[in-house]
Amino acid sequence: MVTTQANPQERIARDRLTQRPLFVGVDGDEAAHYWDSYEYAVVVVDENLEAEKFDLDETPLGTLRDWCEHARQNRGWDVGPNVGGSLIDDLLGGVEA
């Protein structure tokens, strides 16, 4: 029987969110970002396993795409982001790369 163990960052994000979070990516400061569409929130877990939760409704950022752009401008992305605004945007990004 195959089991999948969550890494420490994902376990911390799971503890802070309602649903199993979607891994978004790792920013330039080596913090992992996780998304919960039910709560409309992002949890950021840094390399020291310190976590902070951001409810997007309580920020000036309206969408997950806005969050990803905000992170790109402030920290950059080492891995990801692994989400796009739409299937069309994802396909165009793949063609342009």
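First things first, this report covers the structure right here in the doc. (Residues numbered from 1 in each chain as written. Predicted model: local features only at pLDDT ≥ 70, side-chain atom pairs only at ≥ 80, totals over all residues. Heavy atoms only, no water.)

## Details of unusual backbone geometry
Rules: Only DSSP runs of H or I reaching four residues or more are called helices, and only runs of E reaching two or more are called strands; each is numbered from the N terminus.
Residue Pro 81 is bonded to the preceding Gly 80 through a cis peptide linkage, with omega at 5°. Summarising the element assignment, Pro 81 is placed in the loop between β5 (77-79) and α3 (87-96). Its identity is not glycine, yet Tyr 40 carries a phi of approximately 55°, on the positive side. Note that Tyr 40 resides in the loop between β2 (32-36) and β3 (41-45). Of note, Leu 49 is a non-glycine position whose phi angle comes to about 65°, a positive value. Relative to the helices and strands, Leu 49 resides in the loop between β3 and β4 (51-55).

## Considerations on helix α2 (residues 64-74)
Helical geometry: 3.6 residues make up each α-helical turn, so side chains three or four residues apart lie on a common side. Which entries qualify depends on this criterion: To sort residues, take the accessible area from a 1.4 Å probe on protein chains only and compare it with the maximum for the residue type: under 20% means buried, over 50% means exposed, and anything in between is partly exposed. What the arc covers is the set of directions going from the helix axis to the C-beta atoms.
Listed in full, the buried residues belonging to α2 are Leu 64, Trp 67, Cys 68 and Ala 71. Down the axis, α2 shows its buried residues gathered within 100° of arc, on one side only.

## Details of the packing of aromatic side chains
Our working rule: Any Phe, Tyr or Trp ring, taking Trp's six-membered ring, that has another such ring centre within 6.5 Å forms a pair; planes under 30 degrees apart are called stacked, those over 60 apart edge-to-face, and the others tilted.
Enumeration according to the criterion identifies 3 aromatic pairs in this entry. Ring plane angle 70° and centroid distance 5.1 Å describe the contact between Trp 35 and Tyr 40, whose orientation is recorded as edge-to-face.

## Concerning the pattern of salt bridges
Here is the rule we go by: Salt-bridge detection follows one rule: a side-chain nitrogen of Lys or Arg within 4 Å of a carboxyl oxygen of Asp or Glu.
Per the stated rule, a full pass over the model turns up 6 salt bridges. Linking Glu 10 and Arg 14 is a salt bridge whose minimum nitrogen-to-oxygen distance equals 3.1 Å. In this pair, Glu 10 and Arg 14 both sit in helix α1 (residues 8-16), 4 residues apart, roughly one turn of the helix. Judged by its relative accessible area of 15%, Glu 10 is buried. Arg 14 sits in the partly exposed class, given a relative accessible area of 31%. The residue Glu 39 makes a salt bridge to Lys 53 at a minimum N-O spacing of 2.3 Å. Taken together, the residues span a long stretch of sequence, with Glu 39 in the loop between β2 and β3 and Lys 53 in strand β4 at a distance of 14 residues. Among the residues examined, Glu 39 registers a relative accessible area of 21% and is labelled partly exposed. A network of salt bridges, in which partner residues are shared, links Glu 10, Arg 14 and Arg 20.

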